[in-house]
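Observations on the model geometry
Here are the chains, one letter per residue:
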There are 2 protein chains.
Amino acid sequence: MVKLLYSPHLITRKIIPENQEFPMLSLSSRITPEHLFYIRNHFPYPNVDMRTWGLSIEGCVNKPRYFRYHDLLKMPQVTLPVTLECVGDKRSFFQPKTRGVQWGLGAISHAVWTGVRLQDLLLAADVQRNAREVTFEGMDKGVRTDMPGVFSYKRSLSLEHSLHPDTIIALYMNGKPLPYLHGYPARLIVPGWYGMASVKWLHRIVVIEEQFQGPFQVVDYVYDRKPLTPSAPEPVTTIHLNSTIAGPTDQEVLAKGEHCVWGTTISSRDPVDLVEISTDNGNTWLAVSWLDQHEAYSWRRWCWKWTVTEPGTYDMKVRAKDTAGNMQSEMADWNVKGYGYNAIQRIRVYVD
Amino acid sequence: MVKLLYSPHLITRKIIPENQEFPMLSLSSRITPEHLFYIRNHFPYPNVDMRTWGLSIEGCVNKPRYFRYHDLLKMPQVTLPVTLECVGDKRSFFQPKTRGVQWGLGAISHAVWTGVRLQDLLLAADVQRNAREVTFEGMDKGVRTDMPGVFSYKRSLSLEHSLHPDTIIALYMNGKPLPYLHGYPARLIVPGWYGMASVKWLHRIVVIEEQFQGPFQVVDYVYDRKPLTPSAPEPVTTIHLNSTIAGPTDQEVLAKGEHCVWGTTISSRDPVDLVEISTDNGNTWLAVSWLDQHEAYSWRRWCWKWTVTEPGTYDMKVRAKDTAGNMQSEMADWNVKGYGYNAIQRIRVYVD
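Let us look at the structure shown here. Here the residue index of a chain counts from 1 through its sequence in written order. All chains are assigned letters beginning at A, and all ligands numbers beginning at 1, according to the order in which they are written. Where local features are concerned, this predicted model is filtered to residues with pLDDT of at least 70; where side-chain atom pairs are given and counted, the filter is 80 or more; whole-chain, interface and lining totals use all residues. Each side-chain value is worked out from all heavy atoms of the structure, with water and hydrogens disregarded.

Across its full length, chain A carries four helices and 24 strands. Taken against the 2.2 N^0.38 rule, which gives 20 Å for 352 residues, the C-alpha radius of gyration of chain A at 21 Å falls within 12% of a compact globule. Dimensions of chain A along its principal axes, counting C-alpha atoms only, are 70 × 55 × 40 Å. We call two residues contacting when some pair of their heavy atoms lies within 4.5 Å. For chain A, contacts bridging at least 24 residues in sequence account for 71% of all contacts bridging at least 6. Note on areas: Shrake-Rupley with a 1.4 Å probe; residue coverage comes only from the protein chains shown. Just so you have it, chain A exposes about 14500 Å², and 54% of that area is on carbon and sulfur atoms. Under this rule, positive means Lys or Arg and negative means Asp or Glu; His and the chain ends count for nothing. We put the charge of a Lys on NZ, of an Arg on CZ, of an Asp on CG and of a Glu on CD. Positive and negative side-chain charges of chain A, numbering 38 and 36 respectively, have mean locations separated by a distance of 4 Å. A run of H or I in DSSP counts as a helix once it spans at least four residues, and a run of E counts as a strand once it spans at least two, with each numbered from the N terminus. The globule rule used here is 2.2 Å times the number of residues to the 0.38 power, and the radius of gyration it is set against is calculated over C-alpha atoms.

If you want it as structure tokens, here you go:
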């Protein structure tokens, strides 16, 4: 009974618009409970009126379509486990610091999404041959700090990626209707990509023949390494190879004895095949044990049993290696907006 | 209606024992709503059985007493607004980092406490002339990392301080029965002192004739500046002069125009008579406006209207000065356990 009192909460990072972080230290199951799933909004919540809501497919299509909620529910559904991660996750670890919400470890969560294939909608609309991209518009809108006007949250994908069988429009999350806070009634899910691609409160899909230039595509969500590297900004796409110690936490104090170090790893290109822990600041490394099977688009939890007999200060690190031989780096790939942090995580723990 | 969706949450810092931070950026009233009041526990929550609960006064007293809950409720009640602050508040800002829960800005909250005077209980018990200190034992207990055995959370106060009319045993918080998470049925409240003195789930008061040497008095909650300063550890007592910018937050991005900078200040010795803000890294300072009256033992909210016409990067600072002329320092008074951080707070904001 006493145990039920312990209620981890989302970590409030911003209130309007609401930005809330999953408390990674509470990681106990592969699937993030809905009430702890991280929330990253660009604008205040939209009003969704289900009496009028519909999803339109317009633009370079021969048969423009308008799907009502029950039309979508009646279509064939697919189910996919997908980890979503904000590309600003771990931003607070960049040095020098970078602008924006100072996410810690938890702008990442995992759920099972069920919905219709975007492919099926596009085929029904009969996409024209000149089509190049598909834009996705959420119902959330508002002002930006850097340019005048009111903007909807809007992103695009290539036509090819839109036709990929794993690009879905989710209607359910973890087997229940998509929560309003996570995009009800319909959310695009782009597996393997950072979360900005998975547009919430989706209501309008427009097929276009040019390259989409909206501010959430060309101003935000680009890796801009100026002045360090004088290269053109590069669009944010897939989730970087990464690993995280969820517990113990940085500066935690432990007693001598047996401890469990636990966390997650993810990579959207090649699967992670090794996660290693060091307790001596990287001099020696030991492989962790898996708590989950490998599954595409999904984080994988691991644990490592640590028996400490000597009191002292321990500098711990975690690193992941994928099947292509890529390994996380010691140094973060700094960029102006603080995106895609995936340097080796370090924590210090004290054993009394 | 849409506005109600925005629900700031406590910031989870640790789960067992539960340690949760008030999201300072949600500061909207002087009184912290109970569900957002910070939580700092040393041990798992105790089982409280009200059929058997009582508060005993023992030790160097001529008339040992045992008060049941209804006995306390029937006694004269006093009401005091008191800000509680964990002495580890802002610990995460220490450089080098220090061990323990990495609190941000919000291990501090304000409430109105109602209960009986400790004085009245001690007088009823007829304290003996050899009495020197009074110890307070909570029902929460457990193990420590640094020594064997099971310990209750236990602290002491001098007899003189125990007899102070503002040292109370709170039964109500913000006009409602003390929430269980905050120490129901009875919590010692030591106004002006850091929160460790305000023992929760109080059930045993022992008057003693020696100096109490429990680990939460002589091991924890001492300023230990070794190896920097080879002096004896100094007990933690009253809340340091401090001021906090609750919003905007560090690294926040703002549009040009008018903004409100808001926050709190506190001091437990001499009242704060000036809070100043700088937007140019401390070259010029401007006084804030008060949102609250001065009230003993209480934080005081302030705001400062800021009209920004030039885009750029702004290094903001806040500092408080008390009526005795003390001013916050640029540098933190580093100590091993990371207590009492009250250096001038700095944030950087960007204006587009």
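So much for the structure itself; the text now carries on.
All names here are of chain A. Mapping V351 onto the fold places it in strand β24 (residues 345–351). Sequence separation between V351 and D220 is 131 residues, and the spatial gap between their C-alpha atoms is 43 Å. Once residues within four sequence positions are removed from consideration, V351 is found in contact with L254, A255, K256, W306, V308, E310, P311, G312 and Y314.

Time to look at the interface of chain A and chain B. Across the boundary between the two partners, chain A contributes 40 residues, which contact 40 residues of chain B. When two components associate, each loses some accessible surface as probed by a 1.4 Å sphere; the sum of these losses over both components is called the buried area. For the chain A and chain B pair, buried surface summed over both sides reaches about 3600 Å², with 61% attributable to carbon and sulfur atoms. Considering only the surface of chain A that becomes buried against chain B, Y6, R99 and T145 of chain A emerge as the three largest contributors, covering 19% of it. Salt bridges are counted wherever a side-chain nitrogen of Lys or Arg sits within 4 Å of a carboxyl oxygen of Asp or Glu. At the boundary of chain A with chain B, the tally comes to four salt bridges. Among the salt bridges present, the one from D352 of chain A reaches R99 of chain B, with a minimum N-O distance of 2.8 Å. Polar contacts, as used here, are pairs of N or O atoms within 3.5 Å; protein pairs need one atom able to donate a hydrogen and one able to accept it. Residues neighboring in sequence count only if both atoms are side-chain atoms. Counting across the chain A and chain B interface gives 13 residue pairs in polar contact (both at pLDDT 80 or more). When contributions to the side of chain A that touches chain B are tallied by element, the ones reaching two or more residues are β1 (11–14) and β17 (253–254) of chain A. For the side of chain A that touches chain B, the leading source of residues is β1 of chain A, giving four residues.

Here we take up the side chain of N242 of chain A. Residue and element names in this part refer to chain A. Here N242 shows up in strand β16 (residues 242–247). For N242, a relative accessible area of 4% puts it in the buried group. Looking at N242, its side chain comes within polar contact range of the side chain of K90, at 3.2 Å. A polar side-chain atom of N242 sits 3.0 Å from the main-chain carbonyl oxygen of Y341. Beyond its immediate chain neighbours, meaning those up to four positions away, N242 contacts E85, K90, T265, I266, A320, Q328, Y341, N342 and A343. For every residue, the accessible area obtained with a 1.4 Å probe (protein chains only) is divided by the maximum for its type, and the residue is called buried under 20%, exposed over 50%, and partly exposed between those limits.

Attention now goes to the sheet that holds strand β5 (residues 65–67) of chain B. Residue and element names in this part refer to chain B. Only strands that DSSP links by at least two bridges are regarded as paired with each other. Pairing in this open sheet of five strands is mixed, and the strands run β5-β4-β13-β8-β9 from one edge to the other. Since the sheet does not close on itself, it has two edges, and those belong to β5 and β9 (150–158), each with one partner. On average, adjacent strands in this sheet sit at an angle of 25° to one another, irrespective of strand direction. The sheet contact formed by strand β4 (residues 55–59) and β5 spans three bridges and is antiparallel. Counterpart to S56 in the pairing with β5 is Y66. Note on method: axes are straight lines fitted to C-alpha atoms, helices fitted across the in-contact stretch only, with angles between N-to-C directions ranging 0 to 180 degrees.

By themselves, these figures tell us nothing about what the structure is for.
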